[in-house]
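# Examining the three-dimensional arrangement
Below are the chains, spelled out letter by letter.
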Amino acid sequence: MDFKEKLVTLAERVGRLKENVNTEEATKTSFILPFLNALGYDVFDPAQVTPECVCDYGTKKGEKIDYTVSIDGKPVMIIECKHWSADLEKHKAQLFRYYQVSPAKFGILTNGIVYRFFSDLDTPNKMDDKPFFEIDLFDLKDSHIDKLREFSRERYDTNTILNSATELKYVNALRTLIATLADQPTDDYVRFLAKQVHEGIITPKVLEEFR
């Protein structure tokens with residue numbers, strides 16, 4: 001079974017089982033560990049996938065990240081997991097704290113369906129506010145699968161990922177912006193487009209026609 005087939009099979013499994021997965025721990029066991037396994041990591045080898053790593057931050061002691069993924073003894077990813085129904089946006093600050101004290105270059109926030117990948121592209125050693133990559137098991141795209149493959153144990157290379165991460169981050173941001181503006185165009189956006197093709201003054205009436 002190739003990498004894409006593994007992800008498709010996992011997505012089908014998640015869709016079939018999610019209504020019976022009632023806890024965060026069950027989400028980890030049923031969805032997230034199989035995801036890591038699909039990436040080629042031995043989830044039963046603590047040298048590769050270590051659960052509950054201590055990530056003390058400032059005065060906060062006993063803080064633990066759900067999983068640390070390592071290659072050749074070096075942490076490369078930290079993963080904060082939530083229940084499959086959780087709104088990930090509400091839990092970003094938690095991963096941010098862990099990232100500050102971890103040597104791993106990439107942080108992942110997931111509910112077992114959506115996986116958001118963060119790094120420190122804007123400021124060194126400070127996790128970016130927005131992910132540079134996101135994959136949704138229920139909306140798999142070939143381009144996303146190809147990018148995710150870079151995080152597999154077989155292909156992982158920090159520099160390779162980072163070289164494309166900045167471009168990917170802003171391309172995704174622009175796509176989201178354009179989609180939003182197409183659905184809810186602002187006056188400035190409509191006026192900009194109208195000026196490219198309309199000869200004459202952009203009156204309120206003209207603006208509304210173009211909208």
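Above: the structure in question.
Residues numbered from 1 in each chain as written. Predicted model: local features only at pLDDT ≥ 70, side-chain atom pairs only at ≥ 80, totals over all residues. Heavy atoms only, no water.

### So, the nonpolar core
For clarity, the cut-off: Residues grouped as a nonpolar core are buried Ala, Val, Leu, Ile, Met, Phe, Trp, Tyr and Cys residues, joined through side-chain atoms within 4.5 Å. Each residue is placed in one exposure class: buried if its accessible area under a 1.4 Å probe, protein chains only, is under 20% of its type's maximum, exposed if it is over 50%, and partly exposed if it falls in between. Any two residues whose heavy atoms approach within 4.5 Å are treated as being in contact.
Counting 50 residues, the largest nonpolar core has Phe-35, Leu-36, Phe-117 and Leu-148 as the members making the most contacts within it. Once residues within four sequence positions are removed from consideration, Phe-117 is found in contact with Gly-107, Ile-108, Pro-131, Phe-132, Phe-133, Ile-135, Leu-148 and Phe-151.

### Looking at unusual backbone geometry
Which entries qualify depends on this criterion: Under the DSSP-based scheme used, a helix requires at least four consecutive residues in state H or I and a strand at least two consecutive residues in state E, with every element numbered from the N terminus.
With a phi angle near 55 degrees, Asp-72 is a residue other than glycine that sits in the positive phi range. By the secondary structure assignment, Asp-72 is in the loop between strand 2 (64-71) and strand 3 (74-81). Judged by relative accessible area, which is 69%, Asp-72 ranks as exposed.

### Notes on the pattern of salt bridges
To keep things clear, this is the line we draw: When a carboxyl oxygen of Asp or Glu lies within 4 Å of a side-chain nitrogen of Lys or Arg, that pair is called a salt bridge.
Inspection of the entire model under this criterion finds 19 salt bridges. A salt bridge links Lys-28 to Asp-66, with the nearest nitrogen and oxygen atoms 2.8 Å apart. One end of the pair, Lys-28, is in helix 2 (residues 24-38); the other, Asp-66, is in strand 2, and 38 residues separate them in sequence. Considered together, Lys-28 and Asp-66 belong to a single accessibility category, that of buried residues. Salt-bridge contacts for Arg-149 lead to Asp-146; the nearest nitrogen and oxygen are separated by 3.7 Å. One end of the pair is Arg-149 and the other is Asp-146, both in helix 4 (residues 142-149) and 3 residues apart, which spans about a single turn.

### Remarks on the packing of aromatic side chains
What counts is decided by this rule: Working definition: rings of Phe, Tyr and Trp (its six-membered ring) pair if their centres are within 6.5 Å, and the pair is stacked with planes under 30 degrees apart, edge-to-face with planes over 60 apart, and tilted otherwise.
Scanning the entire structure with this criterion turns up 8 aromatic pairs. A centroid spacing of 3.7 Å and a plane angle of 15 degrees characterise the contact between Phe-35 and Tyr-115, whose relative ring orientation is stacked. Linking Phe-35 in helix 2 with Tyr-115 in strand 5 (residues 114-118), this pair joins segments that are 80 residues apart in sequence. Classification of Tyr-115 by relative accessible area gives buried; the value is 1%. Both rings, one in Phe-133 and one in Phe-151, keep their centres 6.5 Å apart while their planes meet at 5 degrees; by these two values the pair is stacked. Placement of the pair is Phe-133 in strand 6 (residues 133-136) and Phe-151 in the loop between helix 4 and helix 5 (158-183), with a sequence separation of 18 residues. On the accessibility criterion, Phe-133 (2% relative accessible area) is buried. Here the aromatic residues Phe-106, Phe-117, Phe-132, Phe-133, Phe-151 and Tyr-156 are joined through ring pairs into a cluster of three or more.

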